[in-house]
Amino acid sequence: MISSFSRPIPSLDRVRHVARAAAVIGALALIGILNGVGAARAELQIEITRGVVEPIPIAITDFYSPSADASEIGRRIASVISKDLERSGLFRPIDQRAFIQRPADMLDQPRFQDWRQINAQALVTGQVQIESGGRLSVEFRLWDVYASQHLVGLRLGSAENAWRRIAHKVADAIYQRLTGEGGYFDTRIVYVSESGPASARKKRLAIMDQDGENFRFLTDGRALVLTPRFSPTTQEITYLSYEGDQPRVYLRNIDTGRQEILGNFPGMTFAPRFSPDGNKVALTYAKNGNSDIFSMDLRTRRVQQLTRDPSIDTSPTYSPDGSRIAFESDRGGSQQIYVMGSDGSGVTRVSFGKGRYGTPVWSPRGDLIAFTKISQGEFYIGVIKPDGSDERLIAQGYLVEGPTWAPNGRVLMFFRQASRNPDSAELVSIDITGQNERVLVTSTAASDPAWSPLIP
Amino acid sequence: MRIKWLAPFALLAILAACESTPDESAATNGQTNESATDGSSGDGVSESTVVPGSQEDLAQNVGDRVYFDFDSSVLSPEARQTLEGQAEWLKKYADVRFSVEGHCDERGTREYNLALGERRAAAAKNYLVALGIDGSRLDTISYGKERPYALGHDDSAWSQNRRAVSMVQ
């Protein structure tokens, strides 16, 4: 078993052992990257900036092992990869029953003609083994079927129960190699789980993998909680909790459950969001009816007031370089989006369309700001360039609100209440092109999604 | 059904909401409400069972809430009248404290509504202070759109939900 796994592979001499030391910190270790042949970018490439993309047919074989236990894990890994790629809308996994060549026969090189015959453009093969001590070792390869080329490969190691994360990392590697964009499958979603009557709605923070697996509650529902947001750099969230009937911004470590009130504000704080380096939180502090934006340095605890205006100023969001903040304000008479320097200087309005604009969220790529728009009683999710040009609306509903970005800035998630019934609230993901709208199945009504960065 | 923000229609709805006393609207709502059903006698509530200085007393005999126009925290003449009654009532019960809760309808975004609810609660509180009530007896809290009173999804329900409610502490 081990001999077959470790048998030399034609392109193994191209393996670059990268970042081994850094990668073994977590439960999941990236052991090596197996690069494709020198022809650099083969012709198999997905252009995802166009509106409508014909998904490419991809064959994902069960990851092979001669042992029954490891085979079962290999089968599950292939299934998770397949579902990840399918949900992206860019791939069409081919039914395994159409496969001609069997995984056990592909340890060296696939018979490309077998895969061309079923119209697979890309092929994923892999092997899995359970090492002594129960650790999982997985190797995968992505092939360009028509060019008969090896494109990319990875070796990953993890605890046996972390096989899902391995699958997501493989899916991320495939997505990245074929689209040129970063992946977003090895991520999590924190959201607000809702139940009970609207007048006394029970809201609990919940977390799940981006594909809906590994769900668990983070809070017990005794206190109203709203608007969780992920740190871009750590597994921390910041959110609003009404603990003790005192609405305050909290900081919480997801893994340890440790939480603390952020700052010493003698009144309501809300609308928190991390700076891109994770070292600051911008939030809103309401005093005597007036809401202004403040930032707080999480290390020095120094607080800086950024807006001083009798209007409502809230929902701050940093640009990815940290130099600017977009926020919403009614200083011009109605709720609109503004951009200012992250020190509060140079406020300029950026939304000028018909209606009200709120909940700005700056894309991690920096090129767009997502927002919620209310016009003529309808709610919309849209994107706009930071200079206010090229507004596009990509979703609509009785209530759609609270966009959050996938770490690659190509996909948005938001929540939608399709009907007047609050129990219809659900999480929806959509490409920024407006294509590929998908509902995430949750066990309860769901709102306020927050997309994590890629898990380290 | 498409919702349009027809100002005259909304105004009518507000006036209608203001004309009915809170306990009436609770009764017609046919739903439980923390302030209106606080009394110990579950049925046939008569004035004689109302504890003076209680939430029930305030709601039935003065009015425990004021209503606002869409996206506004301006106190209407009716709202001022209700708050003047609350100020007199607070002077009568000098050891009573209020938590003034600001609320919004569901047709705004969450964080904006938290700010707007805070504005509404502060508008009510500040008027009470202007009428001579010590500000230290008055807390404010905003619930934004998180705690609707009327559970409908039309202009009538929304006008009842745009409110500041004085809760006896």
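As the structure is a prediction and not an experimental result, all values here were calculated from the model. Throughout, residues of each chain are indexed from 1 in the direction in which the sequence is written. Whichever chain is written first is A, and whichever ligand is written first is 1; the rest continue in order. Given that this is a predicted model, residues contribute local features only at a pLDDT of at least 70 and side-chain atom pairs are listed and counted only at 80 or more, while totals for whole chains, interfaces and linings are drawn from all residues. The side-chain numbers reported here are obtained from all heavy atoms of the structure, hydrogens and water having been left aside.

What to know about the packing of aromatic side chains
To keep things clear, this is the line we draw: Two rings from Phe, Tyr or Trp (for Trp, the six-membered ring) form a pair when their centres sit within 6.5 Å of each other. Planes less than 30 degrees apart are called stacked, planes more than 60 degrees apart edge-to-face, and all others tilted. Going along the chain from the N terminus, every DSSP run of H or I of four or more residues is numbered as a helix, and every run of E of two or more is numbered as a strand. Only protein chains enter the accessibility calculation, which uses a 1.4 Å probe; a residue whose area is less than 20% of its type maximum is buried, one above 50% is exposed, and one in between is partly exposed.
For the coordinates displayed, the defined rule picks out 16 aromatic pairs over all chains. Each ring, one from A:Y239 and one from A:Y250, has its centre 5.9 Å from the other, and the planes form 20°; the classification is stacked. With A:Y239 in strand β12 (residues 236-241) and A:Y250 in strand β13 (residues 248-253), the pair connects residues that are 11 residues apart, well separated along the chain. The exposure class assigned to A:Y239 is buried, which follows from its relative accessible area of 0%. What makes A:Y250 buried here is its relative accessible area of 6%. Judged by centre distance (4.9 Å) and plane angle (55°), the rings of B:W89 and B:Y93 are tilted.

Things to note about the packing of helix α4 (residues 77-92) of chain B against helix α5 (residues 110-130) of chain B
Residues and elements named next belong to chain B. Our working rule: Angles here are taken between N-to-C directions and fall from 0 to 180 degrees, while the axes themselves are lines fitted to C-alpha atoms, restricted in helices to the stretch in contact. Any angle that falls under 35 degrees is termed roughly parallel, while one over 145 is termed roughly antiparallel, one within 65 to 115 roughly perpendicular, and all others oblique. Two helices cross in a left-handed way if the nearer one is turned anticlockwise from the farther one by less than a right angle. They cross in a right-handed way if the turn is clockwise. Any pair of residues with heavy atoms lying within 4.5 Å of one another is described as a contacting pair. Each residue is assigned to one class: nonpolar for Ala, Val, Leu, Ile, Met, Phe, Trp, Tyr, Cys and Pro, charged for Asp, Glu, Lys and Arg, and polar for all the others, Gly among them.
The interhelical angle for the contact between α4 and α5, taken along N-to-C directions, is 55°, at an axis separation of 9 Å. Judged by the inter-axis angle, α4 sits oblique to α5. When the axes of α4 and α5 are compared, the crossing they make is right-handed. Residue-level inspection shows R80, L83, E84, Q86, A87 and L90 of α4 in contact with α5, the latter providing A124, Y127 and L128. Its residues assigned to classes, the contact of α4 with α5 comprises 6 nonpolar, 1 polar and 2 charged.

Brief notes about empty space enclosed by the protein
Note the threshold: Only protein atoms enter the 1 Å grid, on which a cavity is a set of points fitting a 1.4 Å probe that cannot get out and a pocket is an open set with protein on both sides within 12 Å along at least 5 of 7 lines, lining residues being those with an atom within 4 Å of a point. Grid points are joined across faces, edges and corners, and a volume is the space filled by probe spheres set on the points.
What the rule picks out here adds up to 8 cavities of 30 Å³ or more. The volume enclosed by the largest cavity comes to roughly 340 Å³. Every residue lining the largest cavity is counted, 22 residues in all, and those nearest its centre are A:A198, A:Q417, A:P422, B:E106 and B:K145. Those elements that provide at least two residues to the lining of the largest cavity are β28 (411-417) of chain A together with α6 (155-161) of chain B.

What to know about the confidence of the model for chain B
Residues and elements named next belong to chain B. Rules: On a scale of 0 to 100, pLDDT captures the predictor's confidence in every residue.
Put simply, chain B has an average pLDDT of 81, and 72% of its residues get 70 or more. Segment residues 1-45: pLDDT under 50, and 60 contacts once partners within four positions in sequence are set aside and those in other chains are kept. Note on the complex model: pTM 0.86, ipTM 0.89.

Notes on unusual backbone geometry
For residues besides glycine, phi is generally negative; the peptide bonds are generally trans as well. All names here are of chain A. Of note in the backbone geometry, T227 takes a positive phi value of approximately 45° without being a glycine. When you line up the elements, T227 lands in strand β11 (residues 225-230). Of note, the phi angle at S315 is positive, near 55°, even though the residue is not glycine. Tracing the chain through its elements places S315 in strand β19 (residues 313-318). Exposure remark for S315: the relative accessible area of 3% places this residue in the buried category.

Some words on the interface of chain B and chain A
What counts here: Buried area adds together the accessible area that both of two parts lose upon being put together, with accessible area traced by a 1.4 Å probe. A side-chain nitrogen of Lys or Arg and a carboxyl oxygen of Asp or Glu constitute a salt bridge if their distance falls within 4 Å. Under this definition, polar contacts are N or O atom pairs within 3.5 Å; protein pairs additionally need one hydrogen-donor-capable and one acceptor-capable atom, and for neighbouring residues in sequence, both atoms have to be side-chain atoms.
Counting residues at the interface gives 30 residues for chain B and 44 residues for chain A. Counting the surface chain B buries against chain A, the share from its top three residues, B:R107, B:R110 and B:E111, is 23%. Seen at the junction of chain B and chain A, the total is 5 salt bridges. B:R110 is the salt-bridge partner of A:D448, the closest N and O atoms lying 2.9 Å from each other. Between chain B and chain A we count 16 residue pairs in polar contact (both at pLDDT 80 or more) in total. At the level of secondary structure, the elements contributing two or more residues to the side of chain B that touches chain A comprise α5 and β3 (138-144) of chain B. With 10 residues, α5(B) is the largest single contributor of residues to the side of chain B that touches chain A. Within the side of chain B that touches chain A, the residues separate by chemical class into 14 nonpolar, 5 polar and 11 charged.

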